[in-house]
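# Coordinate analysis (summary)
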Amino acid sequence: MREDQKRPICDYEGSAYRTEFWGAGRDYEDAAERAALRHLLPPTGRRLIDVGGGYGRLAPLYQGYDEVVIFDYALSQLRQARELWGAHGHSHGRRPRYRYVAGDFYHLPFAASTFDTVTMVRTLHHAADAPRVLQGTAEILAPGGTLVLEFANKRNLKAMIRYLAGRQAWSPWDREPVEFVELNFDFHPAWVEERLREAGLQVQERRAVSTFRLGLLKRVVPTAMLVALDRLCQPVGGLAPVSPSVFVRCEAERDGPPPEEEAFFRCTACESTTLEEGEDKITCQSCDSRFAIRDGIYDFREPTLATDIGDSARNG
């Protein structure tokens, strides 16, 4: 974790997230989330970004898009994604062109209205300033674009039972987010939807996901059966979700600003969209900030000014 302009960042750098987390008996959760995303996601499009996409777990669901950006803070996760899904180019006209971009979700390094679809799964729960993350997400969505958002549900059945039994201090019915572990937040569905509306995002559909996330059930009930039950419950449960995970599909305002011609990246130092890409760096033409390109990954986590580079060379 690091402090970035007083906002803490949850950093998965060097973690074995792919093997230790998703390889530890979470086949049910993985399949249930894929089912929800497959239903809510527009099947085709020009450009999609997976915010907090990590090693690209959900990338196989994005095959209908011409270009896919996997965005994460951890370089090690993005390197794994690049190993799994390759670099640029199409495969027989079916495989999308991938870009891998490192940065923090409070300062998305993309021009306004760049993406027609944004996904954010298992990411918002690390946001100490969730409204800022949602506002930034809305800014990079094209008019009428789609956000598919997953968030950890504070008003889940297990939390209700624990609270009523006196085993939990915070109320699941209180609308404010709760940080139950450092940089891990649960959110009330009504609170999230209020923040989405404030960001100009209209909720179109809600689904309750991983309703049967109980250790005993996962041990005694076959995974395929749990997933089938989950898929049946997702739409009905979405009316008043008590599941630990909630997915929503939102639409951006249709009267928003159109995409800028030729603009893709945005400088996180001055917000200019006039950037020039070289072999190993991107340079902002307005403020001369430099952003490294490492192993095919665009690194927007920390800008470096040309004067800093010169000072480093002289002092080296």
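Residues numbered from 1 in each chain as written. Predicted model: local features only at pLDDT ≥ 70, side-chain atom pairs only at ≥ 80, totals over all residues. Heavy atoms only, no water.

### Structural notes on the overall build of the protein
Here is the rule: Put simply, DSSP marks the helices as runs of H or I at least four residues long and the strands as runs of E at least two long, and each gets a number from the N terminus on. A 1.4 Å probe rolled over the protein chains alone gives each residue an accessible area, and that area as a share of the maximum for its type sets the label: buried under 20%, exposed over 50%, partly exposed in between. Should any heavy atoms of two residues lie within 4.5 Å, those residues are considered in contact. In these tables, accessible area is a Shrake-Rupley quantity obtained with a 1.4 Å probe, and a residue counts as shielded only by the protein chains included in the view. Neither His nor the chain ends contribute to the count of charged residues, in which Lys and Arg are positive and Asp and Glu negative. In this description, the location of a charge corresponds to atom NZ of lysine, CZ of arginine, CG of aspartate or CD of glutamate.
Tallying secondary structure elements over the protein gives 9 helices and 16 strands in all. Principal-axis analysis of the C-alpha atoms gives the protein an extent of 65 × 45 × 40 Å. Taking all 316 residues of the protein together, the buried fraction comes to 51%. Residue pairs at least 24 apart in sequence account for 66% of intrachain contacts in the protein once pairs closer than 6 positions are excluded. Working note: accessible area of the protein is about 14,900 Å², and carbon and sulfur atoms make up 49% of it. Each charge class in the protein can be summarised by its mean position, and for the 40 positive and 46 negative side chains these summaries are 7 Å apart.

### Focus on the packing of helix α2 (residues 27-40) against helix α8 (residues 223-237)
Put simply, the rule is: Every angle, taken between N-to-C directions, lies between 0 and 180 degrees, and every axis is a line fitted to C-alpha atoms, over only the stretch in contact when it is a helix. Working rule for handedness: look at the near helix, and if it is turned counterclockwise from the far one by less than a right angle, call the crossing left-handed; if clockwise, right-handed. Throughout, the ten residues Ala, Val, Leu, Ile, Met, Phe, Trp, Tyr, Cys and Pro are labelled nonpolar, Asp, Glu, Lys and Arg are labelled charged, and all others, Gly among them, are labelled polar.
Across the interface, α2 lies against α8 with an axial gap of 9 Å and an inter-helix angle of 35 degrees. The handedness of the crossing between α2 and α8 comes out as right-handed. From α2, D27, Y28, A31, A32, A35 and A36 reach across to α8, where they touch T223, L226, V227, D230, R231 and Q234. Within the contact of α2 with α8, the residues separate by chemical class into 7 nonpolar, 2 polar and 3 charged.

### Thoughts on helix α4 (residues 130-140)
Those residues of α4 that fall on the buried side of the exposure criterion are A130, V133, L134, G136, T137, A138 and I140. In this fold, the buried residues of α4 make contact with β3 (45-51), β6 (115-120), β7 (141-152), α6 (189-198) and β10 (201-209).

### Considerations on a nonpolar patch on the surface
Inclusion rule: Exposure above 30% relative accessible area and no salt bridge define the residues that can form patches, which grow by joining like charges within 9 Å and nonpolar side chains of Val, Leu, Ile, Met, Phe, Trp and Tyr within 5 Å. Any carboxyl oxygen of Asp or Glu that lies within 4 Å of a side-chain nitrogen of Lys or Arg is treated as forming a salt bridge with it.
A contiguous nonpolar patch, built from L157, I161 and V242 and spanning about 260 Å² of accessible area, is present on the exposed surface. Take V242: it is sitting in the loop between α8 and β11 (245-252).

### Structural notes on the packing of aromatic side chains
Within a pair of aromatic rings, the relevant descriptors are the distance that separates the centres and the angle that separates the planes. For the record, the criterion: Two rings belonging to Phe, Tyr or Trp (six-membered ring only in the last case) form a pair when the distance between their centres is within 6.5 Å. Interplanar angles under 30 degrees mark stacking, angles over 60 mark edge-to-face geometry, and anything in between is tilted. Placement of a positive charge over a ring is assigned whenever Lys NZ or Arg CZ falls within 6 Å of the ring centre and within 35 degrees of the normal to the ring plane.
According to the stated counting rule, one finds 19 aromatic pairs in the structure shown. Where Y98 meets Y100, the ring centres are 6.3 Å apart and the plane angle is 15 degrees; that geometry is what we call stacked. Grouping aromatic residues by their ring pairs yields a cluster made of F71, F110, F115, F264, F265, F291, Y298 and F300. Taking NZ or CZ as reference, R99 lies 4.1 Å from the ring centre of F264, over its face.

### Description of the confidence of the model for the protein
Heads up, the rule is: Along the chain, pLDDT gives the predictor's confidence residue by residue, from 0 to 100.
Confidence in the prediction for the protein averages 92 pLDDT; 92% of positions are at 70 or higher. Of the regions scoring below 50 in pLDDT, residues 309-316 engages in 2 contacts with residues more than four places distant in sequence or in other chains.

### Description of the nonpolar core
Basically, it comes down to this: For this analysis, a nonpolar core means a set of buried residues of the types Ala, Val, Leu, Ile, Met, Phe, Trp, Tyr and Cys, connected via side-chain atoms within 4.5 Å.
Judged by nonpolar contacts, the single largest core of 47 residues is most densely connected at I49, F110, L124, L149, L196 and L201. Tallying contributions element by element places α4 first for this core, with 5 residues. Once you skip the residues sitting within four places of it in the chain, L196 turns out to touch L134, L147, L149, L201, V203, V248 and C250. Core analysis: the next-biggest nonpolar cluster, separate from the first, contains 30 residues, A59, L75, A81 and A102 among them.

### Observations regarding the environment of E276
Position of E276 among the secondary structure elements: in strand β12 (residues 275-277). In this structure, the C-alpha to C-alpha distance between E276 and E139, residues 137 residues apart in sequence, is 22 Å.

### Concerning the pattern of salt bridges
Here the structure, examined in full by the defined rule, presents 25 salt bridges. Between K154 and D174 there is a salt bridge; the shortest N-O distance is 3.4 Å. With K154 in the loop between β7 and α5 (157-164) and D174 in the loop between α5 and β8 (178-181), this pair connects stretches of sequence that are 20 residues apart. On the basis of relative accessibility, which here comes to 2%, the residue K154 falls in the buried class. D174 gets classed as partly exposed once you look at its relative accessible area, which sits at 39%. For R195, the salt bridge identified is with E194, shortest N-O distance 3.4 Å. With relative accessibility at 13%, the residue R195 sits in the buried group. Each of D30, E33, R34, R57 and R122 takes part in salt bridges that share partners, so that together they form one network.

### Describing the environment of A208
Mapped onto the secondary structure, A208 falls in strand β10. Apart from the residues within four sequence positions on either side, A208 is in contact with D230, Q234, G237, G238, P241, S243 and S245.

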